[in-house]
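So the chains spell out like this:
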Amino acid sequence: MERFGAAIGRYFTQHDQPWTITHQDFRLDNMLFDTRDGNLPVAVVDWQTFLRGPAPLDACYFNGAGLLVNLRRQREEQLAKCYHQNLLDRGVKGYDWNRRWHDYRLHTVHGLIMGIVGAAVTEPIERGAQMLSPLINRHAIQAMDPDTLSLIETG
């Protein structure tokens, strides 16, 4: 956390295109699933923080928040490749896999920022602690796994 705090300014200077609409808090708690076989199988809610932002941001956040650490470690690169292919299939050009993986690694810290800000700005209640503590821990581990801090510091 101390290293990240010292490097956070560099992180924000490294945001780069391609841009997409980002939810910024894209996790299972913000999804409603239709269990009645309707026309809309899932709806994403809680859009008050949406912004134009780096393409991999929401995918990184979703994987870090929604998957247990061991499962995320096993599947993360495969999921990132699937997301990358979907970007290409939908018309994103000039965004090769190496750059995409670099950007994915870079934005693993977004979940850490969201968790810490969430803990700082909300009233301390038991449900919040039960949600934010594992979220912060998962995202910290997600950022440490690919050595994101070195990427930010040398970026």
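Residues numbered from 1 in each chain as written. Predicted model: local features only at pLDDT ≥ 70, side-chain atom pairs only at ≥ 80, totals over all residues. Heavy atoms only, no water.

Peer 1: I'm lost on the state of the cysteines in this one. Help?
Peer 2: In a disulfide, the sulfur atoms of two cysteines are covalently bonded to one another. Considering all chains together, one arrives at zero disulfides under this definition. You can see C60 has no disulfide; the closest cysteine sulfur is in C82, sitting 14 Å from it. In this structure C82 comes out as partly exposed when scored by relative accessible area, which is 46%. (Disulfide = S-S within 2.5 Å. Buried < 20%, exposed > 50% of the residue type's maximum accessible area, 1.4 Å probe, protein only.)

Peer 1: Looking at this structure, I do not really get the packing of aromatic side chains. What am I missing?
Peer 2: Describing an aromatic ring pair means giving the distance of the ring centres and the angle of the ring planes. Applying the stated criterion to the full structure yields five aromatic pairs. Between W97 and W101, the aromatic rings sit 5.5 Å apart at their centres with planes inclined by 25 degrees, giving stacked as the arrangement. You can see W97 and its partner W101 sitting in helix α4 (residues 97-106), four residues apart, about one turn around the helix. In textbook terms, an aromatic cluster arises when at least three aromatic residues are bridged by ring pairs, as seen for W97, W101 and Y104. (Phe/Tyr/Trp six-rings, centres within 6.5 Å; stacked < 30°, edge-to-face > 60°. Helix = DSSP H or I, 4+ residues; strand = E, 2+ residues; numbered from the N terminus.)

Peer 1: Would you explain the pattern of salt bridges in this entry?
Peer 2: Where charged atoms of side chains with opposite charge meet at close range, the side chains can pair. Under the counting rule described, the total for this entry stands at nine salt bridges. A salt bridge links R72 to E76; its shortest N-O distance comes to 2.7 Å. Residue R72 and its partner E76 are both found in helix α3 (residues 69-89); the two are separated by four residues, about one turn of the helix. We classify R72 as buried; its relative accessible area is 1%. The salt bridge partner of R72 is D145, with a shortest N-O separation of 2.6 Å. Here R72 is found in helix α3, whereas its partner D145 is found in the loop between α6 (126-144) and α7 (148-154), with 73 residues between them in sequence. Each of the salt bridges in this network shares a partner with another, and the network as a whole consists of R72, R73, E76 and D145. (Salt bridge = Lys/Arg side-chain N within 4 Å of Asp/Glu carboxyl O.)

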